[in-house]
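Inside the fold
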Amino acid sequence: RLDPGALRERLAEEALAGLLREPLRELPAKLLYDERGARLYERITTLPEYYPARCERAILNRRAPAIAAQTDASEIVELGAGSAEKTRALLYALAGRSRLRRYVGLDVSAEMLEQTARALVTAFPDLRVHALIADYERDLAAIPPPEPSAPRLFTFLGGTIGNLELAARARLFGELRALMRPCDRLLVGIDLVKDPSVIERAYNDATGVTAEFNRNVLLHVNRLLGCNFDPQAFDHRAFYDPQRSWIEMRLRARRDLQVTLGRERRQLKFAAGDEIRTETSAKFRLEAFADELGGTGLALEASWRDQQGLFALVLARP
Ligand code: AVJ
C-alpha cells in the first residue's frame with residue numbers, strides 16, 4: 001500500500017495543471033474515481049447502453065478457462081482493479097487448476113480497492129492479496145517482485161487502456177514489457193471501432209448516471225484543490241471524434257461563472273459554453289492495436305471478441 005497522501009498530492013498537481021491548460025482545460029480521467037465516482041462507474045457497468053462492460057464480461061465468462069490454460073498463471077497483477085468483479089471469472093478458472101497463489105491489485109480509488117481486497121480474501125481463502133493504492137502510470141515499481149516459476153498474468157480490463165493517449169500507451173506497455181519474463185502475459189480489454197451512435201449512446205445514458213459520474217469529478221477537484229466548483233452549473237457532454245477514434249467527455253459551463261482555486265486564491269473564469277475535457281476513451285482496430293504492442297516489444301498471442309464484435313480481449317506475450 002503506497003502512501004495515500006503522496007498519491008493525493010500528485011493528483012492535486014495534475015488537476016491544477018489541467019485546469020490552467022490552454023486552449024482547452026482538461027482533467028485527467030483518473031480523477032473520475034474518487035469513492036463516489038468509483039461507485040457511479042460500477043452503476044454505469046450495469047446500464048443497458050453501456051455495452052463495453054457487458055461484452056467484456058461475456059468474453060471473460062466464456063474464455064476464462066482457455067485463458068487460464070493458455071497462461072498457466074499463478075498470479076494476477078491487475079491495473080485499475082476497481083471492483084475486480086469481472087476478474088473473478090479468471091480467478092475461478094485459475095483456482096480450478098490449483099495454480100492460483102497471489103492477486104496484486106492497483107487502483108487510485110482507495111476505498112473501492114480496500115473493499116475489493118477484502119472481498120477477494122473472503123471468496124478465495126488461499127489467495128494472497130496485495131492491494132496497492134497506486135497510479136499505474138507512475139507506480140509500477142511498487143508491484144512486489146515475481147516468484148520464481150510462478151507465471152504472471154497482468155490484466156488491464158474495461159477498455160481503460162483507451163483513456164491513455166498513444167504515447168502514454170507506448171510508455172505503459174514498455175514498462176510492463178520490462179517487468180515481464182518470457183512466461184508472463186498481458187491481457188488487455190479494448191473497445192473496438194464501431195458505429196459512432198452506439199458509442200455515443202453508451203456515454204449518454206438515458207438515466208443520466210454517466211452525467212452524474214462526469215460532474216462528480218468537480219466535487220473530487222473541490223476536495224483536492226480546496227475550490228468551489230458547483231457541479232450543477234455544468235452540463236455533461238460526450239461525443240465521438242472520428243479523426244482520433246475516441247469518445248470524449250466534457251463539462252460545459254451553463255452560464256458565466258468564476259471558481260476560486262484554493263491555496264492560490266486564484267480566480268478561474270468560465271464564460272457560458274466554456275468546456276473542460278474530463279476523459280478521452282479511444283476505440284481500436286485489432287490490427288492497429290497489435291502494431292502498437294509490437295512497437296513496444298510485445299506480441300499479440302490471441303484475441304477474443306464478443307458475439308456482436310463490439311469489444312475484444314487481447315493476450316500479449318513478451
Ligand atoms: C473505465 C475508462 C473504460 O472509457 O468507457 C464510462 C469509463 N466513462 N462511462 C470508459 C467511462 C464514461 C470507462 N473506462
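Here Thr87 shows up in helix 4 (residues 87-96). Apart from the residues lying within four places of it in its own chain, the contact partners of Thr87 are Ile76, Glu78, Tyr103 and Leu157.

On to the packing of helix 3 (residues 51-71) against helix 4, then. Their axes nearest at 8 Å, the elements helix 3 and helix 4 cross at an angle of 45°. Here helix 4 runs oblique to helix 3, going by the angle between their axes. Of the two elements, helix 3 crosses helix 4, and the hand of that crossing is right-handed. Across the interface between the two elements, Leu60, Asn61, Ala64, Pro65, Ile67, Ala68 and Thr71 of helix 3 pack against Ala89, Leu90, Ala93 and Leu94 of helix 4. Residues that form the contact of helix 3 with helix 4 fall into these classes: nine nonpolar, two polar and no charged.

Further remarks concern empty space enclosed by the protein. If you walk through the whole model with that rule in mind, you get one cavity of 30 Å³ or more. The volume enclosed by the largest cavity comes to roughly 50 Å³. For the largest cavity, the full set of lining residues is Tyr136, Glu137, Leu164, Ala168, Arg171, Leu172 and Glu175.

The subject of this paragraph is the sheet that holds strand 5 (residues 152-156). Spatial strand order, 4-3-2-5-6-13-12: seven strands in an open sheet with mixed pairing. Of all the strands in the sheet, just strand 4 (128-133) and strand 12 (299-305) have a single pairing partner and so form its edges. For this sheet the average axis-to-axis angle between neighbouring strands, irrespective of direction, equals 15°. Where strand 6 (residues 185-191) meets strand 13 (residues 311-317), six bridges bridge the pair, whose relative direction is antiparallel. By the bridge assignment, Leu187 is partnered in strand 13 with Leu315. Sheet contacts for helix 9 (residues 286-294): strand 6, strand 12 and strand 13; angle to strand 13, the most-contacted strand, approximately 25°.

Membership of the largest hydrophobic core comes to 77 residues, with the highest contact counts inside it found for Leu19, Leu27, Leu187, Leu225, Phe229, Phe234 and Phe270. With eight residues, the top contributor of residues to this core is helix 3. Once residues within four sequence positions are removed from consideration, Phe270 is found in contact with Arg25, Phe229, Phe234, Ala253, Arg255, Asp256, Leu257, Val259 and Ile276. In this structure, Tyr136, Ile190, Phe284 and Leu298 belong to the second largest nonpolar core, which totals 31 residues.

The rules we used
- Residues numbered from 1 in each chain as written.
- Predicted model: local features only at pLDDT ≥ 70, side-chain atom pairs only at ≥ 80, totals over all residues.
- Heavy atoms only, no water.
- Helix = DSSP H or I, 4+ residues; strand = E, 2+ residues; numbered from the N terminus.
- Contact = heavy atoms within 4.5 Å.
- Axes fitted to C-alpha atoms, helices over the stretch in contact; angles between N-to-C directions.
- Parallel < 35°, antiparallel > 145°, perpendicular 65-115°, else oblique.
- Left-handed = near helix turned anticlockwise from the far one by under 90°.
- Nonpolar A, V, L, I, M, F, W, Y, C, P; charged D, E, K, R; others polar.
- 1 Å grid on protein atoms, 1.4 Å probe; cavity = no way out; pocket = protein on both sides within 12 Å on 5 of 7 lines; lining within 4 Å.
- Points joined across faces, edges and corners; volume = space filled by probe spheres on them.
- Pairing = 2+ DSSP bridges.
- Core = buried A, V, L, I, M, F, W, Y, C linked by side-chain atoms within 4.5 Å.
- Buried < 20%, exposed > 50% of the residue type's maximum accessible area, 1.4 Å probe, protein only.

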